[in-house]
Every structure is written in C-alpha cells, then in structure tokens.
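Reading the structure
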Amino acid sequence: MQRINIKDLNQWIDEEKTEVEQLIVRNRSSEKRMRTRERDKEEQMIIDKLCKERWKKAEQEGKIKYLSKRKWFYDFD
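Thresholds, definitions, all that
Residues numbered from 1 in each chain as written. Predicted model: local features only at pLDDT ≥ 70, side-chain atom pairs only at ≥ 80, totals over all residues. Heavy atoms only, no water. Helix = DSSP H or I, 4+ residues; strand = E, 2+ residues; numbered from the N terminus. Rg over C-alpha atoms; globule rule 2.2 N^0.38 Å. Buried < 20%, exposed > 50% of the residue type's maximum accessible area, 1.4 Å probe, protein only.

1. Some remarks on the overall build of the protein chain
- Secondary structure assignment for the protein chain yields two helices and two strands.
- Counting from the amino terminus, the protein chain carries its helices and strands in the arrangement α-α-β-β.
- The C-alpha atoms of the protein chain give 25 Å as radius of gyration, which overshoots the globular expectation for 77 residues (11 Å, by more than 25%).
- Principal axes of the C-alpha set define a box for the protein chain whose edges measure 70 × 30 × 25 Å.
- For the protein chain, buried positions account for 3% of its 77 residues.

If you want it as structure tokens, here you go:
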C-alpha cells in the first residue's frame, strides 16, 4: 500500500479540482435540480397563499370538476 503525505494529498486535490468541477458541470443533466434547502416559515406561508389563490381562480374558471367527495379533475391548459 502506498503512503502519502497530507500536504501532497492536498496539493494533488487542488491541482485536479478545476478539471473535476468542469467535468461535473459538463455532464450535469438539463433536469431541474432537487431543492435541498428547507424553506423558511415566511416563504412557506407565501407559497401556500399563492397556491390557494390559484386553486380558487381555477374553481371560478371551471377548470376543476368535483367527481365525488374525494375525487376531482383539474383541467390543465
């Protein structure tokens, strides 16, 4: 097994870092990335309010059809 000094290892990492980062960016898919940061309370409240308003607007426009108590159909454009 090969032994390596920590300074040499850090130097090697620094030398290879830019090339590896370029490879990661180049190979990144075009799909939307998953959100990893948790939303704060204020942001959650704003998004909830926007969603409720959008739902009410869709109801008024007749895009939502209630099929039964627990089933509904949302007509997307």
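Let's pick the thread back up.
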